[in-house]
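What follows is each chain in one-letter form.
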Amino acid sequence: MARRETGAVRRRAGRPSSVAILLVVAALAWLSPAPVAADAPTLGGPFELVDQNGVRRTDADFHGFYPLIYFGFTHCPDLCPTTLSLMGRALDALEARAPGKAARVVPVFITVDPERDTVELLHDYVASFHPRLVGLTGTPAQVEHVAKNYGAFYAPVPIGGGDYMMDHSGFILLMGPDGDYVTHFESDVTQDELVEALAQHVAE
Ligand code: NI
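Residues numbered from 1 in each chain as written. Predicted model: local features only at pLDDT ≥ 70, side-chain atom pairs only at ≥ 80, totals over all residues.

Overview of the overall build of the protein chain
Check the secondary structure of the protein chain and you find seven helices and nine strands. A total of 204 residues make up the protein chain; the buried ones form 29% of that total. For the protein chain, the proportion of contacts with a sequence separation of at least 24, taken over those separated by at least 6, is 68%. (Helix = DSSP H or I, 4+ residues; strand = E, 2+ residues; numbered from the N terminus. Buried ≥ 20, exposed ≤ 12 C-beta atoms within 10 Å, placed from the backbone. Contact = placed C-beta atoms within 7 Å.)

As structure tokens, then:
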């Protein structure tokens, strides 16, 4: 009886290392940050908006290409200009490295502030970041629809005097030529990381 107990204790004593490893692995998995879009693979779908030239654009217009999508607003003082500049520089760098791939990437800026971001305002705004940057706006309902389906969050924040800012998500979304989700990048992605990822994911 005593021996068997001892044996049982020994067997158990031999186990904690593997159990501990499993616990550490589980803890690390639990502690690692969740992606911005937790249900990312389901992102995408039909939308109808208008571009910076006043032309009606739908998701179908981008099929065959890799839309690199960022949601923001033209009055944004910091995050939007920084991110759109980064996207432009990354696209130029990809162009120098793999022009065939760069040609299939379409940088897209979708406003989350359709009340202020008119076609005219978007026209000059997107041109200041990249000649190929497509700016999209629409009715508040159209913008709400595309933002929801593509995982973007936004909310107006009053700043006094009837003025407001938009609190909004800062991720960059890469969609594939079939309109499906490919991957996304946090707002602190570096230019090199973005270029690397595009070179890896985009087919010529
Ligand atoms: Ni912004």
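That shown, we press on.
Side note on the packing of helix H3 (residues 79–97) against helix H7 (residues 191–201)
For the pair H3 and H7, the least separation of the axes is 9 Å and the interaxial angle reads 50°. By the angle between their axes, H3 is oblique relative to H7. Taken as a pair, H3 and H7 cross one another with a handedness that is right-handed. Residues Leu86, Arg89, Ala90, Ala93, Leu94 and Arg97 of H3 lie in contact with H7, whose contacting residues are Gln191, Leu194, Val195, Leu198 and Ala199. (Axes fitted to C-alpha atoms, helices over the stretch in contact; angles between N-to-C directions. Parallel < 35°, antiparallel > 145°, perpendicular 65-115°, else oblique. Left-handed = near helix turned anticlockwise from the far one by under 90°.)

Points about the nonpolar core
If you look at the biggest cluster of nonpolar residues, it comprises 41 residues, and the most contacted ones within it are Ile69, Val105, Phe109 and Ile110. Among the elements that line this core, the one with the most residues is H3, at six residues. When near neighbours in sequence (up to four residues on either side) are disregarded, Ile110 contacts Leu49, Ile69, Phe71, Leu136 and Val146. (Core = buried A, V, L, I, M, F, W, Y, C linked by C-beta atoms within 7 Å.)

Observations regarding the pairing of strand E1 (residues 48–51)
Here is the key point about a regular strand: its side chains alternate between the two faces of the sheet. Across three bridges, the pairing between E1 and strand E2 (residues 56–58) is antiparallel. Across the sheet, the residue bridging to Glu48 is Thr58, located in E2. Counted along the chain from E1 to the antiparallel partner E2, the turn is four residues long, and its residue Gly54 has a positive phi close to 85°. The pairing of E1 with strand E5 (residues 134–137) spans two bridges and is antiparallel. By the bridge assignment, Val50 is partnered in E5 with Thr137. (Pairing = 2+ DSSP bridges.)

Some details on the pairing of strand E4 (residues 105–111)
Judged by how many residues are buried, E4 sits mostly within the fold: six of seven residues are covered. Where strand E3 (residues 66–72) and E4 come together, seven bridges link them in parallel fashion. Residue pairing across strands places Ile69 opposite Val108, the latter belonging to E4. Considered for its hand, the β-α-β crossover made up of E4, helix H5 (residues 119–127) and E5 is right-handed. (Right-handed = clockwise from strand over helix to strand, strands pointing away.)

Focus: H3
Relative to the 27 Å expected for 19 residues at 1.5 Å per residue, H3 spans 27 Å between its end C-alpha atoms, a close match to the ideal helical length. Taken together, the buried residues of H3 touch E3, helix H4 (99–102), E4, strand E8 (172–175) and H7. (Expected span 1.5 Å × (residues − 1).)

A short note on the sheet that holds strand E9 (residues 181–185)
The mixed open sheet is built from seven strands, whose spatial order is E2-E1-E5-E4-E3-E8-E9. Across the chains shown, the open sheet's two edge strands, defined by having one partner strand only, are E2 and E9. This sheet shows a mean twist of 35° between the axes of neighbouring strands, independent of strand direction. Docked against the sheet, helix H6 (residues 140–149) engages E1, E3 and E4, running at close to 110° with respect to E1. The strands touched by H7 within the sheet are E4, E8 and E9, with E9 carrying the most contacts at an inclination of about 170°.

Comments concerning the environment of Lys148
Residue position: Lys148 is located in helix H6. Exposure remark for Lys148: the 12 C-beta atoms within 10 Å place this residue in the exposed category. Lys148 sits 104 residues away from Gly44 along the chain, and the two C-alpha atoms are 9.2 Å apart.

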